Amino acid sequence: MLSHSVSLVLALVCLWYAQVSEGHRPDLENVAYSKKVTLSSQYKHASHPGSNAVNGLLSDFAHSDQERFPWIRIDLEGRFLIHEIEVFVRTDCCANQLHDIDVKVGNSTRRMRMCGHVSGDTGLGGRMAVFCPTPTVGRYVQIQIVKGASNYMSPAEIVVWGKRVHYWLHSDHNF
Ligand SMILES: [Ca+2]
């Protein structure tokens, strides 16, 4: 009886571990951290630079000016196989600023391919996640609001789970 209980506990632990590690495999890392960020515009009334979106802190945020379709773009400074992109919503207020986003990846800023779309918004400190089609390789990651007439791009943090691509991998030939 005891051995059955131990087996059940082990099975549950294995199941839990498999679920937890699914999106964050040990061979992946946040390849966006401290990389170069471009905002489509800069908020005029305060300092919230694009770099705030990749500084590892959820307590601050980047902030564009008011636009119809503002965007933020991260230069990963190399070619990466990209698995998942997470966008964290600001925690202080205005969570509905971030909504209806297109997430694109490309090897150049002029040739970007859709990785995923998130409809609607989330609450304060919420998280939007997109899993890219496999394999998706690129240097640039861009997130753009694509709905509405007047918007601000104001993510607290953007996390890109990926790994560097070696030259022998030609899976991105169709970009
Ligand atoms: Ca931040």
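Scroll up to find the structure this text is about.
Quick caveat, the model's predicted, so the values are computed rather than measured. (Residues numbered from 1 in each chain as written. Predicted model: local features only at pLDDT ≥ 70, side-chain atom pairs only at ≥ 80, totals over all residues.)

**Student:** Which residues make up the pairing of strand β6 (residues 127-131), and what values do they have?
**Tutor:** Successive side chains on a regular strand alternate, one facing one side of the sheet and the next facing the other. Of the two faces of β6, the one holding Met-128 and Val-130 is buried and the one holding Arg-127, Ala-129 and Phe-131 is not buried anywhere. One ladder, built from five bridges, connects strand β3 (residues 71-89) with β6; its direction is antiparallel. Paired with Ile-85 across the strands is Val-130, a residue of β6. (Buried ≥ 20, exposed ≤ 12 C-beta atoms within 10 Å, placed from the backbone. Helix = DSSP H or I, 4+ residues; strand = E, 2+ residues; numbered from the N terminus. Pairing = 2+ DSSP bridges.)

**Student:** Requested: an account of unusual backbone geometry, with residues and values cited.
**Tutor:** Leaving glycine aside, a negative phi is the common case for residues, and trans is the common case for peptide bonds. Not every positive phi belongs to a glycine, and Cys-94 is a case in point at roughly 60°. With respect to the helices, strands and loops of the structure, Cys-94 is situated in the loop between β3 and β4 (101-108).

**Student:** Any details on the pairing of strand β5 (residues 111-118)? Residues and values, ideally.
**Tutor:** Relative to β5, β4 runs antiparallel, the two sharing seven bridges. Residue Gly-106 lies in a different strand from β5, and its bridge partner there is Met-112. Joining the antiparallel neighbours β4 and β5 is a turn of two residues.

**Student:** Give me the environment of Cys-132: which residues, what numbers.
**Tutor:** As for its placement among the helices and strands, Cys-132 is situated in the loop between β6 and β7 (137-145). A count of 24 C-beta atoms within 10 Å places Cys-132 in the buried class. Sequence separation between Cys-132 and Ile-82 is 50 residues; the distance between their C-alpha atoms is 6.8 Å. Apart from residues no more than four positions distant in its own chain, Cys-132 is found in contact with Ile-82, His-83, Glu-84, Val-105, Cys-115 and Gly-116. (Contact = placed C-beta atoms within 7 Å.)

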